[in-house]
Amino acid sequence: EATLTSRKNKAASKKSKRRVTTLVVNRLKPPASSSKGGRKFNKDAYRPNPSSDSGKNKPARNTRQEKDSYQVAAFLSTLGLVSAATLATYFRFEMHAATEGTGVAAEELLASLMLTAGGAVGMEMWARWAHRELWHDAWWNYHESHHRPREGMFEANDIFAVINAPVAMALTAYGFWHEGIFAGACFGAGLGITLFGIGYMFVHDGLVHRRFPVGPIADVPYMKRVAAAHTLHHAEKYNGVPWGLFLGPQELEELGPEAMEDLDKLVTSRDKFLALKSQVQQAEASAKSQTDIQRLVQEAAVAEKKAKDAANPK
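So, how was this worked out
Residues numbered from 1 in each chain as written. Predicted model: local features only at pLDDT ≥ 70, side-chain atom pairs only at ≥ 80, totals over all residues. Heavy atoms only, no water. Salt bridge = Lys/Arg side-chain N within 4 Å of Asp/Glu carboxyl O. Helix = DSSP H or I, 4+ residues; strand = E, 2+ residues; numbered from the N terminus. Buried < 20%, exposed > 50% of the residue type's maximum accessible area, 1.4 Å probe, protein only. Expected span 1.5 Å × (residues − 1). Bend = angle between axes of the 7 residues up to and from the residue. pLDDT = per-residue confidence, 0-100. Contact = heavy atoms within 4.5 Å. Axes fitted to C-alpha atoms, helices over the stretch in contact; angles between N-to-C directions. Parallel < 35°, antiparallel > 145°, perpendicular 65-115°, else oblique. Left-handed = near helix turned anticlockwise from the far one by under 90°. Nonpolar A, V, L, I, M, F, W, Y, C, P; charged D, E, K, R; others polar. Patch = residues over 30% accessible without salt bridge, like charges linked within 9 Å, V, L, I, M, F, W, Y side chains within 5 Å. Areas by Shrake-Rupley, 256 points an atom, 1.4 Å probe, with all protein chains shown as cover.

Moving on: the pattern of salt bridges. Taken as a whole and assessed by the stated rule, the structure comprises 12 salt bridges. The residue Asp 68 makes a salt bridge to Arg 64 at a minimum N-O spacing of 3.3 Å. Here the residue Asp 68 and the residue Arg 64 both occupy positions in helix α2 (residues 63–100), the gap between them amounting to 4 residues, near one helical turn. What makes Asp 68 partly exposed here is its relative accessible area of 30%. Asp 262 is paired through a salt bridge with Lys 237; the nearest N and O atoms lie 2.6 Å apart. Here Asp 262, found in helix α9 (residues 257–286), pairs with Lys 237, found in the loop between α7 (221–235) and α8 (248–255); they are 25 residues apart in sequence, far enough to count as distant. The pair formed by Asp 262 and Lys 237 is uniform in burial state, with each residue classed as buried. Residues participating in the shared-partner salt-bridge network are Glu 66, Arg 150 and Glu 155.

Rendered as structure tokens:
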């Protein structure tokens with residue numbers, strides 16, 4: 001009898017976890033597609049690839065290990081880039097100025113600061129154009145992997161994450177080794193491209209696609225809207241709009257009230273889902289007996305109903 005009770009409790013625990021998993025999938029399903037938007041979107045992007053393996057004979061992925069690896073790589077690369085950029089900036093202005101004996105040239109410093117900001121904003125504009133005209137056109141063979149379920153740690157689309165690195169390195173190196181306003185502008189542009197790349201990694205790969213946790217970035221209100229806007233891009237409801245990342249909400253605003261309403265609903269839905277997921281994880285972690293797990297089953301059912309009601313207001 002004790003063994004039978006134990007088996008029933010284990011079955012109830014598995015049922016609870018399946019319910020949570022189902023909620024995860026349902027809450028992140030894209031909205032129904034429509035014909036709105038200015039460019040035809042490739043709707044085959046979400047269909048299974050008939051030439052790919054069905055996955056039955058593939059070993060199970062350790063997604064937790066993948067996220068840990070991504071997180072370590074992201075923070076170490078960011079630490080290294082920021083440290084290198086800080087030292088390069090110091091030597092670029094202080095050491096060069098000491099050699100000339102004239103102090104820091106104000107016009108060079110201003111040019112670097114302006115192009116740092118301009119380089120970052122310009123990268124958003126370039127990414128928006130390239131995403132629409134290249135990634136979903138001539139370069140679709142690489143970008144397509146990003147619109148399909150990922151089968152390993154990496155995808156072909158990751159090549160775009162490093163394609164701008166040589167440009168940034170060349171601009172920074174030229175600006176570092178030369179004097180003058182033009183060199184200072186090149187140095188700043190290289191820094192701006194680098195900063196954009198770091199931000200893109202944390203927001204796009206970390207926050208939106210959850211390849212690694214991003215901590216407090218996920219709690220920033222505007223970043224929540226950025227993440228929701230990019231989710232609408234993958235949902236193809238507006239034929240791919242928004243094409244950019246950080247200014248995605250502004251692209252949706254240009255489409256009208258319906259797009260903004262969808263954005264607001266999605267932000268609310270994601271907030272409810274993440275809150276529920278956190279509560280379930282905490283409850284599972286603190287469960288000390290089968291009685292606690294049974295209580296968790298009931299609490300998850302109630303929370304799931306509230307989340308659905310909140311995501312689908314009448």
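Let us keep going from here.
Relative to the 21 Å expected for 15 residues at 1.5 Å per residue, α7 spans 21 Å between its end C-alpha atoms, a close match to the ideal helical length. Buried residues dominate α7, accounting for 11 of its 15 residues.

Between Val 241 and the following residue, Pro 242, the backbone shows a cis peptide bond with an omega angle of 5 degrees. Position of Pro 242 among the secondary structure elements: in the loop between α7 and α8. The phi torsion at Arg 210 lies on the positive side, around 55 degrees, for a residue other than glycine. With respect to the helices and strands, Arg 210 occurs in the loop between α6 (181–208) and α7.

Turning our attention to α6. Here α6 contains 28 residues, and its C-alpha end-to-end distance of 38 Å stays within 8% of the 40 Å for a straight helix at 1.5 Å per residue. Along α6, the largest kink reaches about 25 degrees and is centred on Tyr 200. Of all the 28 residues making up α6, 21 are buried; the element is thus mostly covered by neighbouring parts of the structure. A positive phi of about 55 degrees marks Arg 210, the residue just after α6.

Another point: the confidence of the model for the protein chain. As a note on interpretation, predicted positions should not be read in detail where pLDDT is low. Mean pLDDT for the protein chain: 79, with 70% of residues reaching 70 or above. At the low end of the mean pLDDT range in the protein chain sits helix α1 (residues 2–27), at 48; at the high end sits α8, at 96. Segment residues 17–41: pLDDT under 50, and 48 contacts once partners within four positions in sequence are set aside and those in other chains are kept. Here residues 45–55 scores under 50 on pLDDT; set against residues more than four positions off or in separate chains, the count is 14 contacts.

Our next topic: the packing of helix α3 (residues 106–138) against α6. Direction vectors running N to C along α3 and α6 enclose 50 degrees, while the axes themselves pass 6 Å from each other. Judged by the inter-axis angle, α3 sits oblique to α6. Crossing handedness for the pair α3 and α6: right-handed. Facing α3, whose interface residues are Glu 107, Glu 108, Ala 111, Ser 112, Leu 115, Thr 116, Gly 119, Ala 120, Met 123, Glu 124, Ala 127 and Trp 135, α6 presents Ile 181, Gly 184, Ala 185, Phe 187, Gly 188, Ala 189, Leu 191, Gly 192, Ile 193, Leu 195, Phe 196 and Tyr 200. Per-class residue counts for the contact of α3 with α6 are 15 nonpolar, 6 polar and 3 charged.

Attention now goes to a nonpolar patch on the surface. The grouping of Trp 139, Tyr 142, Ile 159, Val 162 and Ile 163 at the surface amounts to a nonpolar patch, some 460 Å² of accessible area in total. Tracing the chain through its elements places Ile 163 in the loop between α4 (140–143) and α5 (165–177). Residue class for Ile 163 comes out partly exposed when judged on its relative accessible area of 43%.

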